[in-house]
Amino acid sequence: MSARHHQVPRALLYSSTHSALAIVAWCLYEALQYRNAHGGQEPARARRCWVAERLGVSERTLDRARTELLTDHGGGPFLTRRLRGRNRSALHTVLHRPQETRRRYAAVPAWALARVRAGEAATADGHVCPETFRTWVVLCDKLDPDGHDLTLAKLGQWLSCSPTTARRRLRALEAAGWVRVHRRGNGFWMHVQAVVEEGLIAALPQDHNHSSDDGEEVSGCPAPSDHSPVPDVASLPLPQTSGPHVPDLTPPYETPSKEPPSEDPSAKNPFPLAVGGAQHRKDASRNALTRERQINDEPPPAPAVTRPRGGPSVMTALPLEWQLRMSQSERERVLAAIDDELAQGRTIAQLTARVRRRLTVWSGTRPRRAVAAALTVVERGYHCPHPMCEEHLLPSGHPCEACAAIGATMNRQRQLSSASSDAEEPPANSARRHAAEPRDHVRARREFPPQACTRVDADGPDGPAARARALLTSTSPGFAAADRRRHRAPASVAGATG
Ligand SMILES: [Zn+2]
């Protein structure tokens, strides 16, 4: 485990539109993903409150950071999320993983990510805040393993900040023991070395894997003697040479060839830097749970609540063409709406009948947005206090009195408003335009009168249920995974997918 690294894409690390917290959140979600049996990546399952607590921020702050990742700032978003089930639990999948894109990345040891916290906890026990962490990753990316001569101005240029800010962050890193700084005599140049060697990780307590960020386990981060005489970067112009860490400037490094440093993210790096990633993926697949628990310090999340079985069944009553035009998230939205309706006391057959009945209106019409039309067809769509009222009819066949009362009230209000609007002479052109240009679906209804709904064998092997299920399985990985879980028969579904 000592050789495990996270790979941070340089496009994200040096992005001017992403905060340091967003980078840490990306790393955390990437670490929470694991490889499934099919070789793909399972999305990260972590509650928002847990991630926020883990990073030491409020949930709103975490939301802002995730919004930065979810937004396309030009190169595409760095994170996707998918809502699942009735409790709308979110599954996050990171994008631009260097293991898949083969783009350049900065390597971050796993122990470092476990010590990033915002707020007051950042200063305790070798923890750093996200901004300082980003500085350190940039230093690891830019510096030679045995250090580098640079000025604060150069550091600020790397970090896109002022030299003063660069000095503050370097001082925080030095206080935490994550870098060693040796000032040169002229007061402007300094020799900076990022502490990434294996020996430091080996100095951590052995149970670091299972007790992550309690605060008491971090005694081994730097040598404790490095802490007490905190050398002050603020006194940079003074050529001070004190500090017990000055003599051991060049400890033996074991992996200088694995992560060759570079000067610039876009230039002068002849190595594609992809070998290390392929290596560390091996153990990730072997013990995914261990890896998750290492960051998690919690029992693995409970198995997700599976959707009641009716959702996909009702979904098959929708036209295939609509389903094809819907995105994965839109399908999830419709499925959630179906679940909501089923939860309000409808059976699958009743809901399917409602969908078929309302689809006659759409016969021969292509809706502009398939998801909107599907939601219109699925949801009851009007407010009636009677739970079993369906199309203003009760199951007994009698008209719903509540709907009748509501209708009477609305008619009265409409008469009143029309009387008042007649009095104040509305602009005639808008009314004329509405009369002249009926809306699309009205016109289509005139051209294609609704036909009677033909009965189909919904459960037959060639019926709509089977066809739509096969379509959903082949087009939506999320549906396929959910279906597989529901049926506990991976072989048959995998055969249908292939
Ligand atoms: Zn009613």
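Below or above, wherever it landed, is the structure these notes cover. Since the structure is predicted, the reported quantities are computational estimates derived from the model, not experimental observations. (Residues numbered from 1 in each chain as written. Predicted model: local features only at pLDDT ≥ 70, side-chain atom pairs only at ≥ 80, totals over all residues. Heavy atoms only, no water.)

### Quick word on the overall build of the protein chain
If you tally the helices and strands in the protein chain, you get 23 helices and nine strands. Looking at the protein chain as a whole, 43% of its 498 residues qualify as buried. Within the protein chain, contacts between residues separated by at least 24 positions form 65% of all contacts whose residues are at least 6 apart in sequence. A total accessible area of about 25,800 Å² is found for the protein chain, and carbon and sulfur atoms account for 55% of it. (Helix = DSSP H or I, 4+ residues; strand = E, 2+ residues; numbered from the N terminus. Buried < 20%, exposed > 50% of the residue type's maximum accessible area, 1.4 Å probe, protein only. Contact = heavy atoms within 4.5 Å. Areas by Shrake-Rupley, 256 points an atom, 1.4 Å probe, with all protein chains shown as cover.)

### Remarks on the coordination of the zinc ion
Within the first shell, the zinc ion binds the protein through Cys384 (SG), Cys389 (SG), Cys400 (SG) and Cys403 (SG), at distances of 2.2 to 2.3 Å. Classification of the site at the zinc ion rests on its four donor atoms, whose angles at the metal span 102 to 115 degrees, yielding the label tetrahedral. For the zinc ion, all donor residues lie on one chain, and their spacing in sequence is C-x4-C-x10-C-x2-C. Pair noted here: Cys389 is in the loop between helix H17 (370–378) and helix H18 (401–423) and Cys403 is in helix H18, with a separation of 14 residues, a long-range link. (Donors = N, O, S within 2.8 Å, 3.2 Å for Na, K, Ca; no water. Tetrahedral: all angles 85-135°; square planar, octahedral: opposite > 155°, others 65-115°.)

### A few points about the environment of Ala482
With respect to the element layout, Ala482 can be found in helix H22 (residues 477–487). For the pair Ala482 and Arg84, spaced 398 residues apart in the sequence, the C-alpha separation amounts to 9.8 Å.

### Some remarks on the packing of helix H2 (residues 20–32) against helix H3 (residues 48–55)
In contact at an axis separation of 11 Å, H2 and H3 are set at 120 degrees when each is read in the N-to-C sense. By the criterion of interaxial angle, the relationship of H2 to H3 is oblique. The handedness of the crossing between H2 and H3 is right-handed. Facing H2, whose interface residues are Leu21, Val24, Ala25, Leu28, Tyr29 and Leu32, H3 presents Trp50, Val51, Arg54 and Leu55. Its residues placed into classes, the contact of H2 with H3 shows nine nonpolar, no polar and one charged. (Axes fitted to C-alpha atoms, helices over the stretch in contact; angles between N-to-C directions. Parallel < 35°, antiparallel > 145°, perpendicular 65-115°, else oblique. Left-handed = near helix turned anticlockwise from the far one by under 90°. Nonpolar A, V, L, I, M, F, W, Y, C, P; charged D, E, K, R; others polar.)

### Considering the environment of Gly311
One can find Gly311 in helix H13 (residues 310–315). Of the residues examined, Gly311 reaches a relative accessible area of 0% and is grouped as buried. In sequence terms Gly311 and Asp340 are 29 residues apart; their C-alpha atoms lie 9.6 Å from each other.

### Topic: the pairing of strand E5 (residues 89–94)
When strand E4 (residues 79–84) meets E5, the two strands line up antiparallel, connected through six bridges. Paired with Arg84 across the strands is Ser89, a residue of E5. The hairpin formed by E4 and E5 contains four residues between the paired strands, and Gly85 there has a positive phi angle of roughly 75 degrees. (Pairing = 2+ DSSP bridges.)

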